[in-house]
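# Remarks on the overall topology
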Amino acid sequence: MTDARRGIKTRRDIMRLGTYGKTLRVVEATVRDVPKYRVIWYDMSMPRQKDFPRNREGKAEAKAFAQAFWTVRNTQKEPSVETVHSIWLAFSKSDDFLEVLSERSQFLYTKHYERWENFIGPNTLVASLKHADVDAYLRSAQAKRSSGQKRSVNQLNKEISLVGLIYRWAKRHGELSTNPLHEYKRAQKKGAKIQERPGEYTPQEFAAILSQLDPQDPYRWRAASALLLIGETGARISAAVQLKWANVEIDGAGGAIRWPKETNKSRREYLQPLTHGALSALRTAQYWRNKRGSKSEYVFPTGQPSRSKRGYLTKSALLSALTRAESRANIEHKYLRGAHGLRRMIATTIATETGNIVAAMQWIGDEDVRQAKSYLERRASKLEETATIISVLGSSGV
């Protein structure tokens, strides 16, 4: 519920204690037309508050209460029982948390662990946890995702990895006698591990999608050109939408793109020659730039410059256009595929046609060996399918 619906018309900070994500504040507020000093803090993500009169004495009382509450809260002794919450208290007050992690990382660690704690229960003994509890947590989160809360399975597995990291830290520092999740990943490998592999488009699906996006349409040319560029170069969506004309070199029927390190996951700059398709995408963008007299530095500028702070086509707008094009082309929408499915498509195509996975990785500017392994697995899967087809054809011809 918003402050306005709660009846809080104005509010101004008088005092603030704590770091990003876990603060205690004293604010000057008008609540339902009654002026007050309000102390606000959070307990397990739930907002708490205490009000004081809006006068000099009330202000002094509110600040004194806040200071005393903060002191007690941060000096209280952790419970000796190894519960889910006590382990978090020990970790969150350690130097490894406060000194090593950034404020943003501290905030994310807190949120991830709170989800786990709220599901398992803060007073649950860590020693009583089983692998089945982790599986139940994953299933519960997946059910929520199907109802609209978008958290991929990969994100959920990372959350479980974070919980395991905290329990390993606790065991290493004597806060925990045993880590029940120590063997969880090994048990997953032996059993049926919950995992989703992002899909990829086939060249035929890609052609069908492009047929639904007219580059001569003043409203669809950005999506048509950007997706064609991604499908030809294998660029990540963030790099494609932020591509600037200063990084494009067009020379007659050829040229190159110098992908800057700022938009590259490997944080290195690399030069990529232009294919005919990529050149066509850039020519289309150049045509509309000249026709509209645009002065934007971006190859794919936003269609509503007065309402956009970035100045370039957003990832969400491009993904929405891709989803609509899929629907018009009667192509099944697959979760986790998106524009990155085009990147995987071109890498797999190059690896399959040339038999050179290194060339495929170099073309898309990827240095992640683990990703190369996934491309090889896809290539092996395609070869198995081909072998099956050939076997069927051979047996029918005997």
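## As for the packing of aromatic side chains
One pass over the full model with this rule turns up 14 aromatic pairs. Measuring from centroid to centroid gives 5.9 Å for F65 and F69, while their planes differ by 25°, and the two rings are stacked. Remark: F69 and F65 occur in helix 2 (residues 56-75); sequence separation between them is four residues, near one turn of the helix. Judged by relative accessible area, which is 25%, F65 ranks as partly exposed.

## Thoughts on the sheet that holds strand 5 (residues 248-251)
Across the sheet, which stays open at both edges, the three strands sit in the order 5-6-7 with antiparallel pairing between neighbours. Looking at strand neighbours, the two that pair on one side only are strand 5 and strand 7 (270-273), the edges of this open sheet. Strand-to-strand, the axes of this sheet are offset by a mean angle of 15°, without reference to chain direction. Both strand 6 (residues 254-259) and strand 7 contribute to a ladder of four bridges, which runs antiparallel. What sits directly across from R258, in strand 7, is L271. Helix 12 (residues 276-292) contacts strand 5 and strand 6 of the sheet and is inclined by roughly 100° relative to strand 5.

## Overview of the nonpolar core
Grouped together as the largest cluster of nonpolar side chains are 44 residues, with contacts concentrated most on L229, L243, W259, V299, F300 and L318. Contributions of two or more residues to this core are made by helix 9 (203-210), helix 10 (221-233), helix 11 (237-241), strand 6, helix 12, helix 13 (315-328) and helix 14 (340-354). Element by element, the count of residues in this core is highest for helix 10, at eight residues. For V299, the residues in contact, after removing those within four places along its chain, are W221, L243, K244, W245, V248, L282 and A285. Residues F91, Y113, V134 and L138 belong to the second largest nonpolar core, which totals 27 residues.

## As for the pairing of strand 6
When strand 5 meets strand 6, the two strands line up antiparallel, connected through four bridges. Note that in strand 6 the partner of V248 across the bridge is I257. With antiparallel pairing between neighbouring strands as the criterion, strand 5 and strand 6 make up a hairpin whose turn holds two residues, including G252 at a positive phi of roughly 65°.

## Description of empty space enclosed by the protein
What the rule picks out here adds up to two cavities of 30 Å³ or more. There is about 60 Å³ of room inside the largest cavity. What lines the largest cavity is A235, R236, A239, W259, T263, N264, Y270, R343, I364 and G365.

Criteria and cut-off values
Residues numbered from 1 in each chain as written. Predicted model: local features only at pLDDT ≥ 70, side-chain atom pairs only at ≥ 80, totals over all residues. Heavy atoms only, no water. Phe/Tyr/Trp six-rings, centres within 6.5 Å; stacked < 30°, edge-to-face > 60°. Helix = DSSP H or I, 4+ residues; strand = E, 2+ residues; numbered from the N terminus. Buried < 20%, exposed > 50% of the residue type's maximum accessible area, 1.4 Å probe, protein only. Pairing = 2+ DSSP bridges. Axes fitted to C-alpha atoms, helices over the stretch in contact; angles between N-to-C directions. Contact = heavy atoms within 4.5 Å. Core = buried A, V, L, I, M, F, W, Y, C linked by side-chain atoms within 4.5 Å. 1 Å grid on protein atoms, 1.4 Å probe; cavity = no way out; pocket = protein on both sides within 12 Å on 5 of 7 lines; lining within 4 Å. Points joined across faces, edges and corners; volume = space filled by probe spheres on them.

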